[in-house]
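# Coordinate inspection notes
One letter stands for each residue in the lines below.
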Amino acid sequence: FVEERSGVGSVLREYGSEQNLLSKPDGSASFIQGDTSVLAGVYGPAEVKVSKEIYDRATLEVVIQPKVGMASVRERAREQCVRETCEAALLSTLHPRSSFTLVLQEVHDDGSLLSCCLNAACMALMDAGLPMGRLFCGVTCAIDAESQIITDPTAQQEKESRALMTFAIDSKDCSVMMSLTKGSFSVKELQQCIAVSQKASERIFQFYRDSVQRRYSKIL
Amino acid sequence: MAAGFKTAEPLEYHRSFLKENCRPDGRELGEFRPTTLNTGSINTADGSALVRIGNTTVICGIKGELAAPSTDAPDKGYIVPNVDLPPLCSSRFRPGPPGEQAQAASQFIADVIDGSQIIKKEDLCIEKSKLCWVLYCDIMCLDYDGNLLDACVVTLLAALRNTQLPTVTINKETDLAEVDIQHKRHLQINKHPVASSFAVFDDTVIIVDPTAEEESLATAIITAVTDEDEQLCAFHKPGGSSLSAEKLQDCITRAVARHREIGRLIDKVIESTKASK
């Protein structure tokens, strides 16, 4: 069990994670950012339906379950973003004609849900020990009415914001893997938000490193 | 020989063209396919438009209905976009409930409408907490050859500009809505968003306006939506290979140039239909 508190004046809310907390999935993790919490489970490599089989790589399926009700169009759009981000990070050519399934269960949404999903997904993939070419993390930025950039906004801040952007940042060269935006903003604001997210991502990647280190130092 | 090479090694086939800075269909890397537009093609809808980008054909029909506004936004109307990818348009789509791509496209269009404020939802309100317009924007793809989102945004914008709604008043005595079909008004279009899509090949080469084949081989797809004030309304990149901020900036610069092109096209078509009347 790993938990880390971000320092005073930090741009991110308090965040923490727990790996390997479910017994059935091949890898699982929970990720908490402030009051937002997501639980992730990974199954795979497993057998794949013939209709979904890809001859030279593994098929990845992502399911996002909302806290209440059925998954809607919004979840579908998020699933697509998470899936394509994971596909770019996973070395799926090492498991041809097999399937990976990633299930993300929203536990509580207090803003920045998609970035929390991405972080939980990455932690769960690491826990499952799947081959990955790089890691990724999610950062959400909101631009408020006074054009201030807020990273990792709460649901209230999201509601009051003029624009909302979520990025997935790559661990290799800190470039942008995924971007999903809402509202209108200038090119300069986009570039500022990317820069802020890249900075924030360094903290999350350090957190990944620390949590893996702590976990394996216990076993060895 | 070339046909066999294309079937056996599609990626290598495309690479050999990209090396020479051109593409299998003869375009340059930064060249869009010819775009044609036709408005008012559906008589039974309140507004419609058909757009072709290369082979990709998308049609949009706008239907206005009257409804009561929701209680948490009593002074706002509704805009309900829906993107349909029927089996007719490509073999990759199966009959049945909408697939992931169709749902993601619908969500994208909804985000663009909300983000750009293309129409102020307050303008759709007829009487506060009593009556408002619901605009159903049904977008249907007739021929799928890549770059669906660009085509959807162009057809949506053109159809909204083509839309005419009858004037509706509420009779004070009977408290019933009276519709005056004789007097139709155009919608107040607030912003003119235009989307530009890019595909990334082998994590490095960026090409604009990808065809379906190029889309399936690309390592990432980027869609940038800009308006006339060079503000971004959406910057959508659903995963794929990572790109530096400079490359993204390059995409946005091209998207701004594309906006001018499409803006002129829509203006011209709207003008010509007015003149023919």
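All values reported here derive from a predicted model rather than from experimental measurement.

Here we take up the overall build of chain A. Within chain A, the regular secondary structure consists of four helices and ten strands. When the helices and strands of chain A are placed in sequence order, the string is β-β-β-β-β-α-β-α-β-β-α-β-β-α. Radius of gyration (C-alpha) of chain A: 17 Å, near the 17 Å computed for a compact globule of 220 residues. Dimensions of chain A, computed from C-alpha atoms along their principal axes, come out at roughly 50 × 40 × 35 Å. Within chain A, buried positions represent 53% of all 220 residues. Here the contacts in chain A between residues at least 6 apart in sequence split such that 65% fall between residues at least 24 apart. By element, 51% of the accessible surface of chain A is carried by carbon and sulfur atoms, the whole surface being about 10,000 Å².

Before going further, it helps to spend a moment on the overall build of chain B. Scanning chain B from N- to C-terminus turns up six helices and twelve strands. Relative to its length of 277 residues, chain B is compact, with a C-alpha radius of gyration of 21 Å against a globular reference of 19 Å. Across its three principal axes, chain B shows a C-alpha extent of roughly 75 × 40 × 35 Å. Per-residue burial for chain B yields a buried fraction of 50% across its 277 residues. Look at the contacts in chain B between residues 6 or more apart in sequence, and 66% of them connect residues 24 or more apart.

What follows is about the pairing of strand β10 (residues 176-183) of chain A. Residues and elements named next belong to chain A. Counting buried positions along β10 gives seven out of eight residues, so the element sits mostly inside the fold. Of the strand pairs in this sheet, strand β9 (residues 163-170) and β10 are connected by seven bridges, and their pairing is antiparallel. Among the inter-strand pairings, Ala168 is bridged to a residue of β10, identified as Met178. Between β9 and β10, which pair antiparallel in sequence order, lie five residues; one of them, Cys174, sits at a positive phi of approximately 55 degrees.

Glancing now at helix α2 (residues 113-128) of chain A. The terminal C-alpha atoms of α2(A) lie 22 Å apart, and with 16 residues this matches the ideal 22 Å at 1.5 Å per residue to within 8%. Remark: Gly129(A) follows α2(A) within two positions and exhibits a positive phi of approximately 70 degrees.

Ranked by size, the top nonpolar core spans 75 residues in total, and within it Val82(A), Leu102(A), Leu104(A), Phe136(A), Leu190(A) and Tyr208(A) carry the most contacts. Counting residues per element, this core draws most heavily on α2(A), at 13 residues. Residues contacting Leu102(A), with those up to four places away along its chain left out, are Ala40(A), Gly41(A), Val42(A), Glu61(A), Val62(A), Val63(A), Val82(A), Cys86(A) and Ala121(A). Counting 55 residues, the second-largest nonpolar core is a separate cluster that includes Leu37(B), Val51(B), Leu149(B) and Ala151(B).

Our focus in this paragraph is the UniProt feature "domain: Exoribonuclease phosphorolytic" (unreviewed entry) in chain B. Residues and elements named next belong to chain B. As recorded in UniProt, the sites labelled "domain: Exoribonuclease phosphorolytic" (unreviewed entry) are residues 31-166 and 193-256. Annotated as residues 31-166, this span is 24% helix and 37% strand, and its ends, taken at the C-alpha atoms, are 41 Å apart. Helix and strand shares over residues 193-256 are 28% and 38% respectively, and the end C-alpha atoms of the span are 10 Å apart.

Opposite charge on two side chains lets them pair, provided their charged atoms get close. Overall, the coordinates contain 28 salt bridges over all chains when judged by the stated rule. Between Lys182(A) and Asp111(B) there is a salt bridge, and its shortest N-O distance comes to 3.9 Å. With one member in each of two chains, Lys182(A) in strand β10 and Asp111(B) in helix α3 (residues 100-116) form a pair that bridges those chains. Take Asp111(B): its relative accessible area is 10%, and that puts it in the buried class. In this structure, Glu12(B) and Arg15(B) form a salt bridge, with 3.0 Å as the shortest nitrogen-oxygen distance. Separated by three residues within a single helix, Glu12(B) and Arg15(B) lie in helix α2 (residues 10-19), roughly one turn from each other. What you see here is one network of salt bridges that share partners, running through Arg23(B), Asp25(B), Arg27(B), Arg33(B), Asp145(B), Asp209(B) and Glu214(B).

So, about the sheet that holds strand β7 (residues 136-143) of chain A. All names here are of chain A. Strand order in the open sheet formed by four strands is β8-β7-β9-β10, with antiparallel pairing between adjacent strands. The strands lining the two open edges of the sheet, one partner per strand, are β8 (149-151) and β10. Strand-to-strand twist of the sheet, defined as the mean angle between neighbouring strand axes without regard to direction, takes the value 20 degrees.

As a further point, take a nonpolar patch on the surface. Residue and element names in this part refer to chain B. Together, Leu66, Val179 and Ile181 give the surface a local cluster of nonpolar side chains, amounting to about 250 Å² of exposed area. One can find Ile181 in strand β8 (residues 177-186). Among the residues examined, Ile181 registers a relative accessible area of 54% and is labelled exposed.

What counts and what doesn't
Residues numbered from 1 in each chain as written. Chains lettered and ligands numbered in written order. Predicted model: local features only at pLDDT ≥ 70, side-chain atom pairs only at ≥ 80, totals over all residues. Heavy atoms only, no water. Helix = DSSP H or I, 4+ residues; strand = E, 2+ residues; numbered from the N terminus. Rg over C-alpha atoms; globule rule 2.2 N^0.38 Å. Buried < 20%, exposed > 50% of the residue type's maximum accessible area, 1.4 Å probe, protein only. Contact = heavy atoms within 4.5 Å. Areas by Shrake-Rupley, 256 points an atom, 1.4 Å probe, with all protein chains shown as cover. Pairing = 2+ DSSP bridges. Expected span 1.5 Å × (residues − 1). Core = buried A, V, L, I, M, F, W, Y, C linked by side-chain atoms within 4.5 Å. UniProt positions renumbered as here; feature names shortened; annotations may be inferred. Salt bridge = Lys/Arg side-chain N within 4 Å of Asp/Glu carboxyl O. Axes fitted to C-alpha atoms, helices over the stretch in contact; angles between N-to-C directions. Patch = residues over 30% accessible without salt bridge, like charges linked within 9 Å, V, L, I, M, F, W, Y side chains within 5 Å.

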